[in-house]
Amino acid sequence: MNPSIDFIGDIHGHCSELRLLLKKLGYEETQGAFRYPGGERTVVFLGDYIDRGNEARDTVNLVRAMRDAGSAVALMGNHEFNALCFWQLNGAGGSHVIHSIRGGYLREHSFNKVAIHAKTVESYKGRKAEFEEMLDFFKTLPFYIEAETFRAQHACFDAGAAAKLAGENVRCFADGNYDELLARANDQFHEYSDSLFDPINLFLKGPEMDLPEGITFRDGEGVLRKRARVKWWIDPKGTTMRELSFQPGVELPACDVPAEVLGRSFYGEKERPVFFGHYWLTGLPMLIRDNVCCVDFSVAGYRGDGRLVAYRFDGEQKLDESKFVWVEAI
């Protein structure tokens, strides 16, 4: 793989900003795809191409064209996974029926879930066949990349999860019986012995912890939450829930961390650099640590002051904050 890589975070249907960012990075649109002159750099898209923004179709087409032209690698985000589940019948093709899931589909068709997905569907109005091609494209998106100089995924890198999927020869949902793999990825409570929920959930959504009884918060879309995202790159031992939680804009109490979280592994300071999105950061782009880089700065945020962000990586093992490049949300 090209050693010079531009990692780009969550786009969420904001294709206009994506075009501006690619041009700012020096990519040129030729023969139907953005490419870096001479092929000297490659983009790694970190997932979440759809939902929330009005340009989901344009975004998917741009990302797919770059992937097909060899000028980009596209990883899966939780919104691509959710879209596959939203349209997949529970038990489709004779696959496992996940009894803990209510309703006929692997992703519930609640008001909130429909509302999130509505702009994506609207962008494909009158193009049903193309919408189905989009879903087929999503099936081919890898869950993560692990190279000699970096790791990349949508949410969390976990070595145990990588080993589990490698042992199953699964890097994406096209690696085997699709219906069965998608069902196994939704088997949260291990109703079947071959569940793949844990490793896939870690890569696409990251670890979470239960909040104490009576403690809740509402996310940016007003949904009541009883679980909090976890900073998976710090040792949970000796931390409080406030210190360990990764919910920008939400301050949790400084109470004890749940026992089941204390024993989980974490991403150490001596590991190779890791790149991800997913976490809705705000403000000017900055590193979390010199080997931990989030490039999701809320271009689709409800406040309208987010940024679409890239990090320009050239193999350095100590990341440099000056290598962030971004455009403001339009």
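One can find the structure itself at the top, above this paragraph.
Residues numbered from 1 in each chain as written. Predicted model: local features only at pLDDT ≥ 70, side-chain atom pairs only at ≥ 80, totals over all residues. Heavy atoms only, no water.

> Help me understand the packing of aromatic side chains, please; the structure alone is not making it clear to me.
Here the distance between the centres and the angle between the planes together describe a pair of aromatic rings. Evaluation of the coordinates by the stated rule reveals 28 aromatic pairs. With a centroid separation of 5.4 Å and 80° between ring planes, the pair formed by tyrosine 124 and phenylalanine 131 is classed as edge-to-face. A relative accessible area of 4% places tyrosine 124 in the buried class. Here the aromatic residues Tyr144, Phe157, Phe203, Trp232, Trp233, Phe246, Tyr267, Phe276 and Tyr279 are joined through ring pairs into a cluster of three or more. (Phe/Tyr/Trp six-rings, centres within 6.5 Å; stacked < 30°, edge-to-face > 60°. Buried < 20%, exposed > 50% of the residue type's maximum accessible area, 1.4 Å probe, protein only.)

> What exactly am I supposed to notice about helix α3 (residues 78-86) here?
For an α-helix, 3.6 residues make a turn, and residues three or four places apart therefore share a direction. Among the 9 residues of α3, 9 are classified as buried, and the element is accordingly described as predominantly covered. Taken together, the buried positions of α3 are Asn78, His79, Glu80, Phe81, Asn82, Ala83, Leu84, Cys85 and Phe86. Lining the buried residues of α3 we find α4 (111-123), α5 (128-139), α7 (178-185) and α8 (197-205). (Helix = DSSP H or I, 4+ residues; strand = E, 2+ residues; numbered from the N terminus. Contact = heavy atoms within 4.5 Å.)

> Sorry, what's going on with the pattern of salt bridges here?
Side chains that differ in sign of charge can pair as their charged atoms come close. All told, the structure shown has 25 salt bridges when counted by the stated rule. Ionic pairing is found between aspartate 305 and arginine 303, a salt bridge with its closest N-O pair at 3.6 Å. A relative accessible area of 42% places aspartate 305 in the partly exposed class. Each of Asp6, Arg41, Arg312, Asp314, Glu316 and Lys323 takes part in salt bridges that share partners, so that together they form one network. (Salt bridge = Lys/Arg side-chain N within 4 Å of Asp/Glu carboxyl O.)

> Help me out: how do you make sense of the packing of helix α2 (residues 56-69) against α5 in this one?
A pair of packed helices is captured by two measures, namely the crossing angle of their axes and the spacing between those axes. The contact between α2 and α5 brings their axes to 11 Å, and the two run at 50°. As judged from the angle between their axes, α2 and α5 are oblique. Considering how the two elements wind past one another, α2 and α5 form a crossing that is left-handed. Facing Arg57, Val60, Asn61, Val63, Arg64 and Arg67 of α2, the residues of α5 in contact are Glu130, Glu133, Met134, Phe137 and Phe138. (Axes fitted to C-alpha atoms, helices over the stretch in contact; angles between N-to-C directions. Parallel < 35°, antiparallel > 145°, perpendicular 65-115°, else oblique. Left-handed = near helix turned anticlockwise from the far one by under 90°.)

> How should the environment of glutamate 316 be read in this particular structure?
Among the structural elements, glutamate 316 can be located in the loop between β15 (307-313) and β16 (324-328). Given the relative accessible area of 17%, glutamate 316 is considered buried. In the structure, glutamate 316 is positioned 230 residues away from phenylalanine 86 in sequence and 40 Å away in space, judged by C-alpha atoms. When sequence neighbours within four positions are dropped, the list of residues in contact with glutamate 316 reads Pro273, Tyr311 and Lys323. A distance of 2.9 Å separates a polar side-chain atom of glutamate 316 from the backbone nitrogen of aspartate 314. A distance of 3.2 Å separates polar atoms of two side chains, one belonging to glutamate 316 and the other to lysine 323. (Polar contact = N/O pair within 3.5 Å; in protein donor to acceptor, adjacent residues only side chain to side chain.)

> Even after reading the chapter, I still don't get the pairing of strand β4 (residues 42-45), so can you show me in this structure?
The side chains of a regular strand alternate between both faces of the sheet. The two faces of β4 match: Thr42 and Val44 on one face and Val43 and Phe45 on the other face are all buried. Bridging between strand β1 (residues 5-8) and β4 involves 4 bridges; their strand directions are parallel. In the strand pairing of β4, isoleucine 8 is matched with phenylalanine 45. The pairing of β4 with strand β5 (residues 72-74) spans 3 bridges and is parallel. Among the inter-strand pairings, valine 43 is bridged to a residue of β5, identified as alanine 72. Viewed along the sheet, the connection from β4 through α2 into β5 turns out right-handed. (Pairing = 2+ DSSP bridges. Right-handed = clockwise from strand over helix to strand, strands pointing away.)

> What exactly am I supposed to notice about unusual backbone geometry here?
When glycine is set aside, most residues are seen to have a negative phi, and most peptide bonds are trans. A positive phi is found at aspartate 48, a non-glycine position, where the angle reads about 60°. Relative to the helices and strands, aspartate 48 resides in the loop between β4 and α2. Unusually for a residue other than glycine, tryptophan 280 sits at a positive phi of about 55°. Topologically, tryptophan 280 is positioned in the loop between β12 (274-276) and β13 (292-294). For tryptophan 280, a relative accessible area of 23% puts it in the partly exposed group.

> Is there a simple way to think about the nonpolar core in this case?
Burial of nonpolar side chains together is a common tendency in soluble globular proteins. Counting residues in each nonpolar core, the largest one holds 88 residues, and the members touching the most others are Ile8, Phe45, Phe138, Phe143, Phe173 and Phe275. Once you skip the residues sitting within four places of it in the chain, phenylalanine 143 turns out to touch Met76, Gln153, His154, Leu165, Val170, Arg171, Cys172, Phe173, Ile200, Phe203 and Leu204. One finds Met209, Leu211, Leu244 and Val261 within the second-largest nonpolar core, a separate group that totals 10 residues. (Core = buried A, V, L, I, M, F, W, Y, C linked by side-chain atoms within 4.5 Å.)

> Any chance you could explain the side chain of glutamine 247 here in plain terms?
The topology assignment puts glutamine 247 in the loop between α9 (241-244) and α10 (259-262). The class for glutamine 247 is buried, based on a relative accessible area of 15%. Separated by 2.8 Å, the side chain of glutamine 247 and the backbone nitrogen of arginine 229 make a polar contact. With near-sequence residues (within four places) excluded, glutamine 247 lies in contact with Phe217, Arg227, Ala228 and Arg229.

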